[in-house]
Amino acid sequence: MLGRRGVAQPDQKGEAVMKKTLLVLLLLLGALLWSFLPQRLDVPQPGVITLPPGPAGVPVQLAVMHTGSMQAKAFFAYRGGGLEDREFGMDVVLLKHPRGLLLIDAGFASAWPQHLAATPALLRTLSRTQGGESAALQLAKVGIQPPQLAGVLLTHAHWDHVSGLADLPGVPVLVNAEEKHFIEHGGEMSALARSLGKLNYQLYDFEHGPYAGFAASHDVFGDGSVIVVPAGGHTPGSVIVFVHSGARVYAFIGDLAWQHEGVDLPAERPWLARSIVDVNPATVRADLAQLHRLAAANPQLLIVPAHDHRVMQTLPQLAAP
Ligand SMILES: [Zn+2]
């Protein structure tokens, strides 16, 4: 209703503002819900990429340690996921190479509840967390003490991958320069790594050329058996670790995808999850598409997301003697 001179009255202005606000909120809610719907990523097809063969006669063995887990809905892990619960394993991989014992990531420490309390509140409300035995404790049970480890190779420095470093004092922590910078200046998402104090960081470069379609590579033992490639996007210095073990090749992809559907479909995380955990979703998308192509062309390759417990359970587990 207009006033005597055709000017909107205060109650009409208030009503108009409320309608606009409601419309914006509905649009935002719609966009949020849309981001959970199935949508497969585009996969460019510029030719088949074959994996380089591993070295002959280098026996590399693997053993998985389960240090804890989170329960979250599948729809939170990848676009098109359902309402069912998924177990996000906090698993550590022990590589037994003739030249040394190497861990991929560190899982949960014995002090994981204190570490969890330092993480973003939104992440804590979207999942339920349980702890298990730390990697250090499980290694001790099979007679391996921290000084016997050649290092811990981080796929990235988020809290659930570095927590267990607290129980592995003095063990070299292998990171690239970009991830080291993220640890030092990465805000809330790398706060736990900073809070662990002075760790024995050892920086590596990507001194070799392209590998499996990724731009550069680092050969950990110098024999082609364990190759690290840059795959930033989840964090700036995230990596994929390729491990040749017999006829099998494993790609430990960290958190590029939380569940294997992320690579199989391929499908990225929904917007809400991406906006919390990924620094560059476009790079994550490109790397997922690349891994999808690689897996399709190389049946000997098993893609292992750090938190897909279903996949981790198919690998050899660390067993007490
Ligand atoms: Zn992460």
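No experiment lies behind these values; they were computed from the predicted model shown. For every chain, the first residue of the written sequence is number 1, and numbering continues from 1 along that sequence. Given that this is a predicted model, residues contribute local features only at a pLDDT of at least 70 and side-chain atom pairs are listed and counted only at 80 or more, while totals for whole chains, interfaces and linings are drawn from all residues. Only hydrogens and water are set aside; all other atoms, that is, all heavy atoms of the structure, feed into the side-chain values.

J.: How should the overall build of the protein chain be read in this particular structure?
T.: Check the secondary structure of the protein chain and you find 12 helices and 12 strands. Oriented by its inertia axes, the alpha-carbon framework of the protein chain measures out at about 95 × 50 × 35 Å. In the protein chain, buried positions account for 52% of the 321 residues. What makes two residues a contact is simply this: any of their non-hydrogen atoms within 4.5 Å. Restricting to contacts in the protein chain with at least 6 residues of sequence separation, those with at least 24 account for 67%. For the accessible areas, the method is Shrake-Rupley and the probe is 1.4 Å, while residue cover comes only from the protein chains on display. In the structure as shown, the protein chain presents an accessible area of about 14800 Å², 60% of it carried by carbon and sulfur atoms. Numbering of helices and strands runs from the N terminus; a helix is a DSSP stretch of H or I covering at least four residues, while a strand is a stretch of E covering at least two. Categorising residues by exposure relies on relative accessible area from a 1.4 Å probe, with only protein chains included: less than 20% of the type maximum marks a residue as buried, more than 50% marks it as exposed, and the intermediate range marks it as partly exposed.

J.: In this structure, what is going on with the sheet that holds strand β12 (residues 301–304)? I would like to understand it.
T.: For sheets, the rule is that strands pair by backbone hydrogen bonds, running either parallel or antiparallel. If DSSP finds at least two bridges between two strands, the strands pair. The five strands are arranged β8-β9-β10-β11-β12 in an open sheet whose pairing can be described as mixed. Pairing within the sheet leaves two strands with one partner each, and these edge strands are β8 (218–219) and β12. Sheet topology places strand β10 (residues 239–245) next to strand β11 (residues 248–252); five bridges connect them, and they run antiparallel. Paired with V243 across the bridge in β11 is Y250. Only the contacting stretch of a helix is used when fitting its axis, a line to C-alpha atoms as for every element, and angles between N-to-C directions run 0 to 180 degrees. This element, helix α11 (residues 281–297), spans β10 and β12 of the sheet and lies at about 150 degrees to β12.

J.: How should I be thinking about the packing of aromatic side chains in this particular structure?
T.: Given two aromatic rings, one states the distance between the centres and the angle between the planes to describe the pair. Aromatic pairs are defined between Phe, Tyr and Trp rings, using the six-membered ring for Trp, whenever the two ring centres lie within 6.5 Å; interplanar angles under 30 degrees are classed as stacked, those over 60 as edge-to-face, and all others as tilted. By the definition in use, this model includes eight aromatic pairs. Residues F108 and W159 carry aromatic rings whose centres are separated by 5.1 Å and whose planes lie at 25 degrees to one another, so their mutual orientation is stacked. Note that F108 is positioned in the loop between β3 (100–104) and α3 (112–117) and W159 in helix α6 (residues 159–162), a separation of 51 residues in sequence. Overall, F108 belongs to the buried group, its relative accessible area being 0%. Overall, the relative accessible area of 9% leaves W159 in the buried class. Linked through ring pairs, F76, F88 and W258 together constitute an aromatic cluster.

J.: Sorry if this is basic, but what is going on with the nonpolar core here?
T.: As a rule of thumb, nonpolar side chains are buried together in soluble globular proteins. For our purposes a nonpolar core is just a set of buried Ala, Val, Leu, Ile, Met, Phe, Trp, Tyr and Cys residues, chained together by side-chain atoms within 4.5 Å. Grouped together as the largest cluster of nonpolar side chains are 47 residues, with contacts concentrated most on L94, L103 and L149. Setting aside anything within four residues of it in sequence, one finds L103 in contact with M65, V92, V93, L94, L139, L149, G151, V152, L153 and L168.

J.: Help me understand the coordination of the zinc ion in this model?
T.: Here a donor is any nitrogen, oxygen or sulfur atom (N, O, S) within 2.8 Å of the metal, with 3.2 Å used for Na, K and Ca; water is not among the atoms considered, so some sites may look incomplete. Around the zinc ion, the donor atoms from the protein are H156 (NE2), H158 (ND1), H234 (NE2) and D255 (OD), and they sit 2.1 to 2.3 Å away. Tetrahedral means four donors with every angle between 85 and 135 degrees, whereas square planar (four donors) and octahedral (six donors) require angles over 155 degrees between opposite donors and between 65 and 115 for all others; sites fitting neither are termed irregular. Here the zinc ion binds four donor atoms, and the angle range of 87 to 166 degrees at the metal identifies the geometry as irregular.

J.: Sorry, what's going on with helix α7 (residues 177–185) here?
T.: In an α-helix there are 3.6 residues to a turn, and that puts residues three or four apart on one side. What α7 keeps buried is the set E179, K180, F182 and I183. Angular distribution of buried residues about the axis of α7 spans 155 degrees; they occupy a single face of the element. Along α7, the residues that are exposed and aim more than 90 degrees away from the buried face are E178 and H185. Of the surrounding secondary structure, the elements contacted by the buried residues of α7 are β6 (173–176), α8 (191–195) and β7 (201–204). Here a polar contact means two N or O atoms within 3.5 Å. Within protein one must be a hydrogen donor candidate and the other an acceptor candidate, and residues neighboring in sequence count only if both atoms are side-chain atoms. Of the residues flanking the start of α7, the one acting as N-cap is N176, its side-chain oxygen 3.2 Å from the backbone nitrogen of E178. The reported arc concerns the directions from the helix axis to the C-beta atoms and nothing else.

J.: Any chance you could explain the sheet that holds strand β1 (residues 61–73) here in plain terms?
T.: Read from one edge to the other, the open sheet built from seven strands follows the order β4-β1-β2-β3-β5-β6-β7, with strand pairing classed as mixed. The open sheet has two edge strands, β4 (128–131) and β7, and neither has a second partner. Neighbour-to-neighbour, the strand axes of this sheet turn through a mean angle of 30 degrees, independent of strand direction. Pairing geometry for β3 and strand β5 (residues 149–153), over four bridges, is parallel. Across the sheet, the residue bridging to L103 is V152, located in β5.

J.: Would you mind going over the side chain of T235 with me for this structure?
T.: Summarising the element assignment, T235 is placed in the loop between β9 (226–230) and β10. By relative accessible area, which is 0% here, T235 ends up buried. Reaching out from T235, the side chain makes a polar contact with the side chain of S238 at a distance of 2.7 Å. What T235 contacts, discounting residues up to four positions off in sequence, is H156, H158, E179, F182 and V279.

J.: Is there a simple way to explain α11 in this structure?
T.: For α11, with 17 residues, the first-to-last C-alpha span of 25 Å sits near the 24 Å given by 1.5 Å per residue. Contacts from the buried residues of α11 go to β10, α9 (261–264) and β12. By this rule the span expected of a helix is its residue count minus one, scaled by 1.5 Å.

J.: Is there a simple way to explain the environment of M90 in this structure?
T.: Residue position: M90 is located in strand β2 (residues 85–97). M90 sits in the buried class, given a relative accessible area of 1%. Ignoring any residue separated from it by four or fewer positions in sequence, one finds M90 in contact with M65, H66, T67, G68, S69, M70, G107, F108, D160 and H307.

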